[in-house]
Amino acid sequence: MPKILDIALPVHLYKSFDYLAPEELDLSTAVRGCRAKVVFNHQVLVGVVLGSKAHSDFPLAKLKPIDALLDQRPCIPAELMALCQWASEYYHYPLGETLHAALPKRLRDGLEEQREHYWRHTTEGKGLDANALKRARQQQLAHQALLLHGQLSQAQLKALDIPKAAMKNLEQKGLAEQLEGEPEHSVTAAPHWQQEANLPPSEQQQAVLEELRFHQFNCYLLEGVTGSGKTEIYLQAMTRVLNAGRQALVLIPEIGLGPQTLQRFQRRFKAHIATLHSNLSETERELAWSAARDGRAKIVIGTRLASLCPMRDLGLIIIDEEHDNSYRQQDNFRYSARDLSIYRAKTLHIPIILGSATPSLESLNNAIRTRYQHLRLTQRAGRASAPSLRVVDLKNQSLTAGLSQAALQEMQRSLERGQQAMVFVNRRGYAPALLCHHCGWAASCLNCDARMTLHCAPRHLHCHHCDAQKPVPQRCPQCHNTDLMFKGLGTEQLEQALAKAFPHTAIVRIDRDSTANKGSFEQCLNTIHSGEPCIVVGTQMLAKGHHLPHITCVVIVDADQGLMSADFRGLEKLGQLIIQVAGRAGRAENPGTVIIQSHQPDHPLLELLLTRGYHVFARQLLQERHSALLPPFTQLAIFRAESKRPENAVELLELVKSLAQTRQAASPHMRYLGPMPAFIERVKDRYRYQLQICSGNRKVLNDLLQHVIQELPGKAIARRTRWSLEVDGHE
Ligand code: ADP
Ligand code: ZN
Ligand code: ZN
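The model shown is predicted, which means the values in this text are computed figures rather than measured ones.

### Topic: the site of ligand 1
Lining the immediate surroundings of ligand 1 are 16 residues, of which Gln205, Gly227, Lys230, Thr231 and Arg264 lie closest. Separating an oxygen atom of ligand 1 from a backbone N or O atom of serine 228 is a distance of 3.3 Å. Residue arginine 264 places a side-chain N or O atom 2.8 Å away from an oxygen atom belonging to ligand 1. Taking 550 Å² as the accessible area of ligand 1 by itself, protein coverage stands at 71%. The biggest single contributor to the shell around ligand 1 is helix H9 (residues 230-243), with three residues. Here the residues of the shell around ligand 1 sort into five nonpolar, eight polar and three charged.

### Topic: the coordination of the zinc ion (ligand 2)
Only Cys436 (SG), Cys439 (SG), Cys476 (SG) and Cys479 (SG) from the protein reach the zinc ion (ligand 2) as donors, at distances of 2.3 to 2.4 Å. Around the zinc ion (ligand 2) sit four donor atoms; with metal-centred angles ranging over 105 to 114°, the donor geometry is tetrahedral. Written as a sequence motif, the donor residues of the zinc ion (ligand 2) are C-x2-C-x36-C-x2-C. Pair noted here: cysteine 439 is in the loop between strand S18 (433-436) and strand S19 (453-456) and cysteine 479 is in the loop between strand S21 (469-470) and strand S22 (484-487), with a separation of 40 residues, a long-range link. Take cysteine 439: its relative accessible area is 31%, and that puts it in the partly exposed class.

### Focus on the sheet that holds S21
Strand pairing in a sheet is mediated by backbone hydrogen bonds. Such pairs are either parallel or antiparallel. Strands sit in the order S19-S20-S21 across an open sheet of three strands; the sheet is antiparallel. At either margin of the open sheet sits one strand with a lone partner, and together these are S19 and S21. Pairing between strand S20 (residues 459-462) and S21: two bridges, direction antiparallel. Within S21, the position partnered with histidine 462 by the bridge is glutamine 469.

### Description of the coordination of the zinc ion (ligand 3)
The protein atoms donating to the zinc ion (ligand 3) are Cys445 (SG), Cys448 (SG), Cys463 (SG) and Cys466 (SG), with metal-donor distances spanning 2.2 to 2.3 Å. Given four donor atoms and angles of 103 to 114° at the metal, the environment of the zinc ion (ligand 3) is assigned as tetrahedral. Mapped onto the sequence, the residues coordinating the zinc ion (ligand 3) show the spacing C-x2-C-x14-C-x2-C. There is no split in this pair, since cysteine 463 and cysteine 466 are both buried.

### A closer look at the packing of helix H8 (residues 203-211) against H9
Running from amino to carboxyl end, H8 crosses H9 at an angle of 40°, the nearest separation of the two axes being 11 Å. Regarding the angle of H8 to H9, the classification is oblique. Helix-helix and strand crossings are classified by hand; for H8 and H9 the assignment is right-handed. For the pair H8 and H9, contact is made by Gln205, Val208 and Leu209 and by Glu232, Ile233 and Gln236, respectively.

### Brief notes about the side chain of threonine 226
Mapped onto the elements of the fold, threonine 226 is located in the loop between strand S9 (218-224) and H9. Residue class for threonine 226 comes out buried when judged on its relative accessible area of 7%. Excluding its chain neighbours within four sequence positions, the residues that come into contact with threonine 226 are Ala357, Arg380, His547, Ile579, Gly583 and Arg584.

### A word on the pairing of S9
Counting buried positions along S9 yields seven of seven residues, so the element is predominantly enclosed. Along S9, one buried face is formed by Asn218, Tyr220, Leu222 and Gly224 and the opposite face, lined by Cys219, Leu221 and Glu223, is buried too. By the bridge criterion, six bridges tie S9 to strand S14 (residues 351-356) in an arrangement that is parallel. Residue pairing in the sheet places tyrosine 220 in a bridge with isoleucine 353 of S14. Pairing of S9 with strand S15 (residues 373-377) involves five bridges; the strand directions are parallel. Bridging from a neighbouring strand, glutamate 223 pairs with arginine 376 of S15.

### Remarks on the nonpolar core
Judged by nonpolar contacts, the single largest core of 115 residues is most densely connected at Leu99, Ile510, Phe639, Ile693 and Leu704. Core analysis: the second largest hydrophobic core is formed by 28 residues, Phe214, Ala248, Val250 and Ile252 among them.

### Topic: the environment of glutamate 681
Summarising the element assignment, glutamate 681 is placed in strand S28 (residues 670-683). Relative accessible area serves as the criterion here: at 23%, glutamate 681 is assigned to the partly exposed category. Separated by 232 residues in the primary sequence, glutamate 681 and aspartate 449 place their C-alpha atoms 6.4 Å from one another. Residues contacting glutamate 681, with those up to four places away along its chain left out, are Asp449, Arg686, Tyr687, Arg688 and Tyr689. At 2.8 Å, the side chain of glutamate 681 forms a polar contact with the side chain of tyrosine 689.

### Side note on the sheet that holds strand S6 (residues 117-121)
One open sheet accounts for three strands, arranged S7-S6-S8; its pairing is antiparallel. The open sheet has two edge strands with one neighbour each: strand S7 (151-153) and strand S8 (176-180). Across the sheet, the mean angle separating the axes of adjacent strands is 30° when strand polarity is ignored. Here five bridges tie S6 to S8, and the two strands are oriented antiparallel to one another. Paired with tyrosine 118 across the strands is leucine 179, a residue of S8. On top of the sheet, helix H7 (residues 164-172) reaches S6, S7 and S8; it is set at about 110° to S8, its chief contact.

### Focus: the domain arrangement of the protein chain
Here the domain parsing of the protein chain yields domain 1 (4-108), domain 2 (117-180), domain 3 (190-377), domain 4 (388-429 + 489-627) and domain 5 (635-727). Taken over C-alpha atoms, the centre of domain 1 sits 50 Å from the centre of domain 4.

### Overview of helix H14 (residues 405-416)
Under the 1.5 Å per step criterion, the end-to-end length of H14 is 16 Å for 12 residues, consistent within 8% with the ideal 16 Å. Every buried residue belonging to H14 is among Ala406, Ala407, Leu408, Glu410, Met411, Ser414 and Leu415, and all of these are buried. Looking at the buried residues of H14, the elements they touch are strand S16 (388-393), strand S17 (420-424), helix H15 (491-501), strand S24 (534-538), strand S25 (551-556) and strand S26 (593-598). Positive backbone phi, at 80°, marks glycine 418, one or two positions downstream of H14.

Cut-offs applied
- Residues numbered from 1 in each chain as written.
- Chains lettered and ligands numbered in written order.
- Predicted model: local features only at pLDDT ≥ 70, side-chain atom pairs only at ≥ 80, totals over all residues.
- Heavy atoms only, no water.
- Near = heavy atom within 4 Å.
- Polar contact = N/O pair within 3.5 Å; in protein donor to acceptor, adjacent residues only side chain to side chain.
- Areas by Shrake-Rupley, 256 points an atom, 1.4 Å probe, with all protein chains shown as cover.
- Helix = DSSP H or I, 4+ residues; strand = E, 2+ residues; numbered from the N terminus.
- Nonpolar A, V, L, I, M, F, W, Y, C, P; charged D, E, K, R; others polar.
- Donors = N, O, S within 2.8 Å, 3.2 Å for Na, K, Ca; no water.
- Tetrahedral: all angles 85-135°; square planar, octahedral: opposite > 155°, others 65-115°.
- Buried < 20%, exposed > 50% of the residue type's maximum accessible area, 1.4 Å probe, protein only.
- Pairing = 2+ DSSP bridges.
- Axes fitted to C-alpha atoms, helices over the stretch in contact; angles between N-to-C directions.
- Parallel < 35°, antiparallel > 145°, perpendicular 65-115°, else oblique.
- Left-handed = near helix turned anticlockwise from the far one by under 90°.
- Contact = heavy atoms within 4.5 Å.
- Core = buried A, V, L, I, M, F, W, Y, C linked by side-chain atoms within 4.5 Å.
- Domains from an automatic or database assignment.
- Expected span 1.5 Å × (residues − 1).

Okay, structure coming up:
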């Protein structure tokens, strides 16, 4: 009887492949989830075994043997296999590529799994008093940490800020030793993971905690104003789960995973906490991943990618700032870490908590329709009061680098009181355009239909779409006039203008350019947390996850972009930004002021937000979406195509449209928009088009997409043109 393996390969084809297993392979052991090395199209690829079988639809003589089976036990456990399978179907993305997205890079490359190194006490070390080693502070800390945790991995040492040298010293003294691989587990032996007491919950917190059920699926939307104690709810819910011997997964927005957040979890629990984010080395990432899979890590805290982390016994998922855009992956495997996690919780029969002060309209709608359980915290914990929001009318005002007199005065007042101010503008660089005053020439990118941004430090022109850079010309390339001028406002320009207006105040700029170097973002944060008077200039990077108690004046330079945005989510995002920054600034004694500059100070929705708050504002937006038949009341799928020849992209999308329409005859519940050019039509010298398909019925849409995806790869135009599909699309 032949032994055949069904293998998913990282190729953009919607199927799996049959290979011959080696004679000696015992198929009674689990092979599903093991990696295999195979030759495919003259290339060596690492695939994932889906299963084994005795029959193939292909003649046996045509099947190739695998090169090697790389794992003795499944590298990807059953639960993650099933999750990827579902995601592959839901997002219409090939399973082989989905599985690869879930694997750390070293494992994707077919390397052998690494084993973690651990430190633990020797018998002598175990008996040593916790207060010994008084004269060697670091060693004492290391010793105490070992007493607390039993054993420590390198990753844990790093997280606890204990230098390796301190451990080495303990080793030399015969107090500690190192071992490779899983230590004998004290996991079940130590049921008490908590080291710092829970805060006594407020009345509202208590009510929320009493609602939580831990032994069944439930999606909770925890809508709580910033500072209302959502994190405390997370911590107490996690305590319950950890004490039951299970694991907790906490997702946090990209930029919110600061040392502050981590420390808060580390102080509360003496459990092994693994972190997963893009700032780790490949080795660190792999070790965190396998610690979670094998159950050594009790808590996993991470960004979007952690949603695909295998967990041995997951008991609770928490998504902090669930509205945040960084939970959506926007290239290749386009998925939402939030939605994926909700599905995961459902199949595992465990609770999931979505927390936010400004929930997404999707989640809010689900809560209103009782698909999610809506929990609310309306009061700030302690005696903090909310900052005041104030709109400044920009009409006919004289502006300094986009700032009104009122804004400058308010900043001045904060600084005089020894506090800090912050200014938001959502463009980095000096100015978004460079023009010739004489003939109207504008510096644009050769590869894109976009203006190049002028940067001053260092001085150059930069395309923010394709990253092309070139020197700033001395004269106009068209008419040779030297009268070049810039237009618009970026963070660098604001920084310079503020340095002039406030010559004795430190200016801290935070954007992608200023924080490109490792550690520089932390440095900026340190300055802000030091509390010294300063002005922070930044893009929206700062509106996430950080409490900024010394900042008592926040200026949103240009709210009109959100008010007049072509994107139907523009207003939702503006409302979230305003409420988020308002919530992060100031503290009990100094709640501070948020200044919103606009040419439309009377915009009814802006007014609603300021007078009635986010929840009422969001409900109004939901009504508007409902009457416009927009998400979340309809499902939106977006096909995108790009090509050096625009007609190819259009042809492909026309084909998609006709395939879709033959499957699902035109009905009032299906709407097609496009093919139409993308917002910026040409990027990197490729023309980009999109087709939006909107449906009132998810099942119908899914069936239609399935049909298109099956047909499309066989068509010649699809082989010549790059295309992608985004389910639950955002523009
Ligand atoms: P959120 O996550 O909603 O922004 P946090 O959980 O960070 O709010 O709480 C804000 C502040 O209030 C923190 O400093 C926290 O320690 C404090 N806090 C939260 N809950 C309580 C409580 N029950 N008693 C006292 N202080 C609390
Ligand atoms: Zn000119
Ligand atoms: Zn470009």
